[in-house]
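What the coordinates show
Chain by chain, the residues run as shown.
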Amino acid sequence: MMAGPLLAAPVKIALIDPLTGPMASTGLPVLEHLRFDARRLNADGGLNGDPIEIIGLDNKINPQESLVQLQKAIDEGARYIVQGNGSAVGSALIAAVDKYNRRNPGKEVLYLNHGAVEPSFTNDRCSFWHFRFEAHSDMKMKALTDWIASRDDIKKIYLINQDYSFGHALAEAARTMLKEKRPDIEIVGTDFHPLSKVKDFTPYVSKIKASGADAIITGNWGQDITLLVKAAAEFGLNVPFLTYYGGSPGVVSQLGEQGVDRIYEIYGYYGDTDDDAIGERQKQMYKDKKWDYFLFYPRITVMLEMLQKAANKAGSNDPVDVARALEGLSLETSYGTVTMRGEDHQLQTPLFVSVLKDDMPYGAEGTDFNFAKLDRIEPEVVTMPATGCRMRRPQ
């Protein structure tokens with residue numbers, strides 16, 4: 001790997017995510033994490049000897065605004081686009097990047113998806129120009145329902161999710177997989193609410209309590225998970241929340257003890273890391289920036305390290321060359337080996353079920369609370385076929 005002074009023109013990577021408004025708590029940590037890792041990788045040779053420059057563009061979690069910011073990123077010379085907060089935005093970007101690249105051969109851009117988990121993106125809508133560095137929704141639900149199937153204390157489940165493609169895909173996967181694995185479990189209610197619009201979740205919590213549910217499954221993220229679990233705690237709804245994003249920034253610090261043994265998460269990482277170097281870095285980043293980025297966004301590190309490895313392997317920073325080098329590429333992490341599957345550009349990764357605990361060695365958000373590992377699910381268990389993927393590759 002190359003090291004030493006970086007004097008060449010920078011490789012510009014543009015983040016298009018919410019940086020203002022109620023969902024900024026999901027976008028700003030990504031931006032700072034990208035900048036943190038860019039500095040670290042630049043000290044280690046950057047991308048094929050060229051420095052990385054991070055550009056932050058605010059999409060206000062709006063698909064149309066995201067397309068405006070995509071053109072702005074291209075105009076500023078960015079050939080790598082990062083996004084992950086919101087599958088509605090991801091859907092618009094996949095279509096726009098495909099269209100732009102068809103019309104601009106030799107000037108192609110790559111879309112690096114850090115968290116938009118709508119399954120179709122690597123199934124029937126798979127694209128050579130899109131790589132997902134997070135397990136998609138169905139992979140997570142496969143792991144989560146395997147774990148639920150082993151729990152005799154879960155008999156009634158309530159589904160509450162945001163009202164867009166990801167929320168509906170999650171709810172449908174939960175119903176289908178639970179019916180197959182635990183037909184005795186009853187779905188006692190389903191709600192879909194507007195994304196980032198609900199200020200008080202008490203009416204939803206009241207319905208959940210009245211349903212008699214003994215567990216809740218939710219894919220809510222951003223302020224929608226924080227406000228939901230906070231309302232449940234204040235209302236006295238003492239049932240486990242089985243979440244995709246219970247580790248979202250703000251959840252731990254706002255709930256604290258009220259979330260202990262109640263907030264579960266299915267994710268590619270967990271808070272009580274076995275790697276002391278990551279734990280210490282996590283604490284230092286919180287101290288420096290007032291955020292605990294390593295709690296929730298280690299996938300950003302994986303994404304940039306895989307990008308660096310691919311560029312160095314290709315001997316090029318051209319997006320077409322890097323995309324070809326990314327296909328089938330593996331990376332060793334402190335949590336295990338991850339591999340970018342070539343046929344659909346879906347990361348294959350271990351997943352973990354964890355639960356919020358107190359007195360953790362590496363606390364989240366400046367607290368003593370963090371997520372303790374309950375179960376590890378290997379990549380070969382959660383892998384799913386790329387249904388309908390017919391990827392067109394450049395000649």
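- The name given to the protein chain in an unreviewed UniProt entry is Leu/Ile/Val-binding protein-like protein, with the source organism recorded as Alcanivorax xiamenensis.
- Taken directly from UniProt, the Sequence similarities (unreviewed entry) text for the protein chain runs: "Belongs to the leucine-binding protein family."

Focus on empty space enclosed by the protein
- Tallied over the entire structure, the rule returns three cavities of 30 Å³ or more.
- Contributing to the lining of the largest cavity are 16 residues, with G84, N85, G115, W221 and Y245 lying nearest its centre.
- Grouping the constituent residues of the lining of the largest cavity by class yields seven nonpolar, eight polar and one charged.

Re the sheet that holds strand β4 (residues 110-113)
- Taken together, the five strands give an open sheet; going across it, the order is β2-β1-β3-β4-β5, and neighbouring strands pair in parallel fashion. Of all strands in the sheet, those bounded by a partner on one side alone are β2 (52-58) and β5 (130-132). Strand-to-strand twist of the sheet, defined as the mean angle between neighbouring strand axes without regard to direction, takes the value 25°.
- With four bridges connecting them, strand β3 (residues 80-83) and β4 associate as parallel partners.

Remarks on the pairing of strand β8 (residues 215-218)
- Taking every second residue as pointing to the same face, both faces of β8 are buried, with A215 and I217 on one and I216 and T218 on the other.
- When strand β6 (residues 156-162) meets β8, the two strands line up parallel, connected through three bridges. Paired with I157 across the bridge in β8 is A215.
- With three bridges connecting them, β8 and strand β9 (residues 241-243) associate as parallel partners. Each residue of the ladder has a partner; that of I217, found in β9, is L242.
- Following the backbone out of β8, through helix α7 (residues 223-235) and into the adjacent parallel β9, one traces a crossover that is right-handed.

Some words on the packing of helix α1 (residues 24-42) against helix α11 (residues 298-314)
- Where α1 contacts α11, the two axes come as close as 9 Å, and the packing angle between them is 40°. Here α11 runs oblique to α1, going by the angle between their axes. The interaxial crossing formed by α1 with α11 has right-handed handedness. Judged by residue contacts, V30, H33, L34, D37, A38, R40 and L41 of α1 engage P298, I300, T301, M303, L304, E305 and Q308 from α11.
- Taken together, the residues that form the contact of α1 with α11 break down as eight nonpolar, three polar and three charged.

Here is what the cut-offs are and how they apply
- Residues numbered from 1 in each chain as written.
- Predicted model: local features only at pLDDT ≥ 70, side-chain atom pairs only at ≥ 80, totals over all residues.
- Heavy atoms only, no water.
- UniProt positions renumbered as here; feature names shortened; annotations may be inferred.
- 1 Å grid on protein atoms, 1.4 Å probe; cavity = no way out; pocket = protein on both sides within 12 Å on 5 of 7 lines; lining within 4 Å.
- Points joined across faces, edges and corners; volume = space filled by probe spheres on them.
- Nonpolar A, V, L, I, M, F, W, Y, C, P; charged D, E, K, R; others polar.
- Pairing = 2+ DSSP bridges.
- Helix = DSSP H or I, 4+ residues; strand = E, 2+ residues; numbered from the N terminus.
- Axes fitted to C-alpha atoms, helices over the stretch in contact; angles between N-to-C directions.
- Buried < 20%, exposed > 50% of the residue type's maximum accessible area, 1.4 Å probe, protein only.
- Right-handed = clockwise from strand over helix to strand, strands pointing away.
- Parallel < 35°, antiparallel > 145°, perpendicular 65-115°, else oblique.
- Left-handed = near helix turned anticlockwise from the far one by under 90°.
- Contact = heavy atoms within 4.5 Å.

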